[in-house]
Amino acid sequence: MSAPELHSSIVALVSLAAGIAAKHPDMGLCQLKKLRVMDIPDEQIATVVEIARHIRDEAAQKLDATFDEKVDIALPEPAPAPAKQRVTMPELKIQSGNSCCSSTPSCQSCC
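Here the structure is a predicted model, which means the values were calculated and not measured.

Caption draft 1: The arrangement of the overall build of the chain in detail. Within the chain, the regular secondary structure consists of three helices and zero strands. The order of helices and strands in the chain, counted from the N terminus, is α-α-α. In the chain, buried positions account for 23% of the 111 residues. Nonlocal contacts in the chain, meaning residues at least 24 apart in sequence, comprise 61% of its contacts between residues at least 6 apart. Carbon and sulfur atoms form 59% of the exposed surface of the chain, whose accessible area is close to 8900 Å².

Right under this line is the structure:
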């Protein structure tokens, strides 16, 4: 008995998220084009992008913190990033229980 195949839109969303989280140089533009052809709402695509970026950024912060602990030297604090103009997106609520990760800025669960 074989498992049913994932819908092509799910595969494209997962691929887009994985590419963003992995800092792939193609940035998921091919998947984005496929998703738009499939008429996937921009709000859902934006949610996937937000979650992927959050996972990518959180991983980098944790890696940096682990490195900083191991080098045992005083490193200069990075300069604060310039304020970005935040694009508001409609929320796609994802219900989840206790999770192993933190939430994105718009309170989306990343797992």
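There's more to say after this.
Caption draft 2: Looking closely at helix α3 (residues 42–71). With 30 residues, α3 should cover 44 Å at 1.5 Å per step; its first-to-last C-alpha distance of 43 Å lies within 8% of that length. What α3 keeps buried is the set Ile45, Ala46, Thr47, Val48, Val49, Glu50, Ile51, Ala52, His54 and Glu58. In this structure, the buried side of α3 is in contact with α1 (8–21) and α2 (29–37). Positive phi appears at Asp72, one or two residues downstream of α3, with a value of about 55 degrees.

Caption draft 3: Here's a closer look at the nonpolar core. Counting residues in hydrophobic clusters, the biggest one holds 10 residues: Ala12, Leu13, Leu16, Ile20, Leu35, Ile40, Ile45, Val48, Val49 and Ala52. Listed by contribution, the elements that provide at least two residues to this core are α1 and α3. Once residues lying within four places of it in the same chain are set aside, the contact partners of Leu16 are Met27, Gly28, Gln31, Leu35, Ile45, Val48 and Val49.

Caption draft 4: How the structure looks around the pattern of salt bridges. Overall, the coordinates contain two salt bridges when judged by the stated rule. For Asp42, the salt bridge is made with Arg36, and the minimal N-O distance between the two is 3.4 Å. The exposure class of Asp42 is partly exposed, given its relative accessible area of 42%. The shortest N-O distance in the salt bridge between Arg56 and Asp57 comes to 2.9 Å. The class for Asp57 is partly exposed, based on a relative accessible area of 35%.

Caption draft 5: Representation of a negative patch on the surface in the model. On the surface, a cluster of negative charge is made up of Asp64, Asp68, Glu69 and Glu77. You can see Glu69 is positioned in helix α3.

Caption draft 6: How the structure looks around the environment of Glu58. Mapped onto the elements, Glu58 comes out in helix α3. Glu58 gets classed as buried once you look at its relative accessible area, which sits at 16%. Put simply, Glu58 and Ala21 are 37 residues apart on the chain and 9.9 Å apart in space, counted from C-alpha to C-alpha.

Caption draft 7: The packing of α1 against α3, seen in detail. Between α1 and α3, the least distance of the axes is 8 Å, while the angle of their chain directions is 35 degrees. Along this stretch, α1 crosses α3, giving a crossing that reads as right-handed. Only Ile45, Val48, Val49, Ala52, Arg53 and Arg56 of α3 make contact with α1, whose side of the interface consists of Leu13, Leu16, Ala17, Ile20 and Ala21. Looking at side-chain class alone, the contact of α1 with α3 contains nine nonpolar, no polar and two charged residues.

What counts as what
- Residues numbered from 1 in each chain as written.
- Predicted model: local features only at pLDDT ≥ 70, side-chain atom pairs only at ≥ 80, totals over all residues.
- Heavy atoms only, no water.
- Helix = DSSP H or I, 4+ residues; strand = E, 2+ residues; numbered from the N terminus.
- Buried < 20%, exposed > 50% of the residue type's maximum accessible area, 1.4 Å probe, protein only.
- Contact = heavy atoms within 4.5 Å.
- Areas by Shrake-Rupley, 256 points an atom, 1.4 Å probe, with all protein chains shown as cover.
- Expected span 1.5 Å × (residues − 1).
- Core = buried A, V, L, I, M, F, W, Y, C linked by side-chain atoms within 4.5 Å.
- Salt bridge = Lys/Arg side-chain N within 4 Å of Asp/Glu carboxyl O.
- Patch = residues over 30% accessible without salt bridge, like charges linked within 9 Å, V, L, I, M, F, W, Y side chains within 5 Å.
- Lys, Arg positive; Asp, Glu negative; His and termini not counted.
- Charge placed at Lys NZ, Arg CZ, Asp CG, Glu CD.
- Axes fitted to C-alpha atoms, helices over the stretch in contact; angles between N-to-C directions.
- Left-handed = near helix turned anticlockwise from the far one by under 90°.
- Nonpolar A, V, L, I, M, F, W, Y, C, P; charged D, E, K, R; others polar.

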